[in-house]
Amino acid sequence: MRNVSAILLAFLVVPAWAQDAERGKRVYETQCLDCHYERIHNRDSARSLIRTYAQLRVEVAQRAAQTKRPFTLEDLDDIAEYLNRSHYRLEK
């Protein structure tokens, strides 16, 4: 739990660098689609709990931590950028 908290804290404190949505798509498709199908992001936006880009970044970090896969902060930023551009379209 300590490692998860440290990663989440670092993810929140460190500003999003130049994210690469294409790289994020590749990471998402190879690491996330095993359990998480793409259709989940196409639900009614009024029902979504994610209202800001910061909330999206937190959600990505929390879900990634649950998998216990060795995601880097760059991976998490890129995944969040991909999801934002492809589905959420939240302002930064």
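Below, the structure is looked at part by part. (Residues numbered from 1 in each chain as written. Predicted model: local features only at pLDDT ≥ 70, side-chain atom pairs only at ≥ 80, totals over all residues. Heavy atoms only, no water.)

The next point concerns the nonpolar core. Judged by nonpolar contacts, the single largest core of 17 residues is most densely connected at Leu56, Val60, Phe71, Ile79 and Leu83. Going through the elements one at a time, α2 (21–31), α3 (53–67) and α4 (73–88) are the ones with two or more residues in this core. The dominant element in this core, judged by the number of residues it contributes, is α4, at 6 residues. In this view, phenylalanine 71 contacts Val27, Gln31, Cys32, Ala64, Leu76 and Ile79; residues no more than four positions away in its chain are not counted. (Core = buried A, V, L, I, M, F, W, Y, C linked by side-chain atoms within 4.5 Å. Buried < 20%, exposed > 50% of the residue type's maximum accessible area, 1.4 Å probe, protein only. Helix = DSSP H or I, 4+ residues; strand = E, 2+ residues; numbered from the N terminus. Contact = heavy atoms within 4.5 Å.)

Residue lysine 68 is not a glycine yet carries a positive backbone phi of 60°. For lysine 68, the location among the structural elements is in the loop between α3 and α4.

Taken as a whole, the largest pocket spans an internal volume of roughly 590 Å³. Lining of the largest pocket is provided by 26 residues; of these, His36, His41, Glu59, Val60 and Arg63 occupy positions nearest its centre. Of all the secondary structure elements, the ones that give two or more residues to the lining of the largest pocket are α2, α3 and α4. For the lining of the largest pocket, the leading source of residues is α3, giving 9 residues. Here the residues of the lining of the largest pocket are counted per class, giving 14 nonpolar, 7 polar and 5 charged. (1 Å grid on protein atoms, 1.4 Å probe; cavity = no way out; pocket = protein on both sides within 12 Å on 5 of 7 lines; lining within 4 Å. Points joined across faces, edges and corners; volume = space filled by probe spheres on them. Nonpolar A, V, L, I, M, F, W, Y, C, P; charged D, E, K, R; others polar.)

Packing of α2 against α4 brings their axes to within 7 Å, and their N-to-C directions diverge by 100°. Of the possible angle classes, the one that applies to α2 and α4 is roughly perpendicular. Between α2, through Ala21, Arg23, Gly24, Lys25, Val27 and Tyr28, and α4, the contact on the second element is made entirely by Glu74, Asp75, Asp78, Ile79, Glu81, Tyr82, Leu83 and Arg85. In the contact of α2 with α4, the residues fall into 6 nonpolar, 1 polar and 7 charged. (Axes fitted to C-alpha atoms, helices over the stretch in contact; angles between N-to-C directions. Parallel < 35°, antiparallel > 145°, perpendicular 65-115°, else oblique.)

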